[in-house]
Amino acid sequence: MENYPPPGTEIPDKLYFKIGEVTAIADLAAYVLRFWESEFPIIAPKRTDAGQRLYRKSDIESILMIKHLLYDKKFTIEGARKYLKKMHKQKKASSPPPALNEIRTALQQIRALLD
């Protein structure tokens, strides 16, 4: 997957963003974000008790990627969905990060000491 967010797009360092903040960052209308939520399962904002959407940084990165695919690369919604699904599978299939392997080895050594 390409590097997102693209250069020049700054996402503030916060845990959650309201829909108005996301529309400003992504330069999209709120109704577009709501529609994309129904079309792309990768966008899944939390909801407050009042029903207000709270987006995470990963949601915003996904939104920016979708915007790039649809607006810049001229993908259809179905094409963008398939592309994102394929990229997600590739990311899952890649080997775990080296730190994870080191942790696994250390835990196995501890387990061997305990046995």
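Our subject in this report is the structure included herewith.

Calculation notes
Residues numbered from 1 in each chain as written. Predicted model: local features only at pLDDT ≥ 70, side-chain atom pairs only at ≥ 80, totals over all residues. Heavy atoms only, no water. Patch = residues over 30% accessible without salt bridge, like charges linked within 9 Å, V, L, I, M, F, W, Y side chains within 5 Å. Areas by Shrake-Rupley, 256 points an atom, 1.4 Å probe, with all protein chains shown as cover. Salt bridge = Lys/Arg side-chain N within 4 Å of Asp/Glu carboxyl O. Buried < 20%, exposed > 50% of the residue type's maximum accessible area, 1.4 Å probe, protein only. Core = buried A, V, L, I, M, F, W, Y, C linked by side-chain atoms within 4.5 Å. Helix = DSSP H or I, 4+ residues; strand = E, 2+ residues; numbered from the N terminus. Contact = heavy atoms within 4.5 Å. Axes fitted to C-alpha atoms, helices over the stretch in contact; angles between N-to-C directions. Parallel < 35°, antiparallel > 145°, perpendicular 65-115°, else oblique. Left-handed = near helix turned anticlockwise from the far one by under 90°. Nonpolar A, V, L, I, M, F, W, Y, C, P; charged D, E, K, R; others polar.

### Section: a nonpolar patch on the surface
A grouping of I103, L107, I110 and L114 is seen on the molecular surface, where their side chains present a nonpolar patch of about 430 Å² in accessible area. On the basis of relative accessibility, which here comes to 53%, the residue L107 falls in the exposed class.

### What about the nonpolar core?
In terms of nonpolar packing, the biggest core is built from 23 residues, with W36, F40, Y55, I60 and I63 touching the most fellow members. Among the secondary structure elements, those contributing two or more residues to this core are α1 (19-26), α2 (30-39), α3 (57-72) and α4 (77-93). Looking at this core element by element, the count peaks at 7 residues for α3. Excluding residues that lie within four positions of it along the chain, F40 makes contacts with I66, L70, I77, A80, R81 and L84.

### Examining the pattern of salt bridges
Counting across every chain of the model gives 5 salt bridges. A salt bridge links R81 to E78, with the shortest nitrogen-to-oxygen separation between them at 2.3 Å. Note that R81 and E78 are positioned in helix α4 at a spacing of 3 residues, about one turn of the helix. By relative accessible area, which is 39% here, E78 ends up partly exposed. Within this structure, E39, E78 and R81 form a network of salt bridges that share partners.

### Considering unusual backbone geometry
If you check the backbone angles, D27 has positive phi at about 55° while not being a glycine. Along the chain, D27 falls in the loop between α1 and α2. Phi is positive for K74, close to 60°, though the residue is something other than glycine. Considering the arrangement of structural elements, one finds K74 in the loop between α3 and α4. Classification of K74 by relative accessible area gives exposed; the value is 64%.

### Overview of the packing of α1 against α3
In the contact formed by α1 and α3, the axes pass within 11 Å of each other and the chain directions differ by 40°. Between α1 and α3, the crossing angle belongs to the class labelled oblique. The handedness of the crossing between α1 and α3 comes out as right-handed. Contacts between α1 and α3 involve V22, I25 and A26 from the former and I60, I63, L64 and K67 from the latter. Class assignment of the residues belonging to the contact of α1 with α3 gives a composition of 6 nonpolar, no polar and 1 charged.

### Describing the packing of α1 against α2
Running from N to C, α1 and α2 cross one another at 100°; their axes reach a closest spacing of 9 Å. Between α1 and α2, the angle falls in the class roughly perpendicular. The segment α1 lies against α2, with I19, V22 and T23 engaging A30, L33 and R34. In terms of residue class, the contact of α1 with α2 is made up of 4 nonpolar, 1 polar and 1 charged.

By themselves, these figures tell us nothing about what the structure is for.
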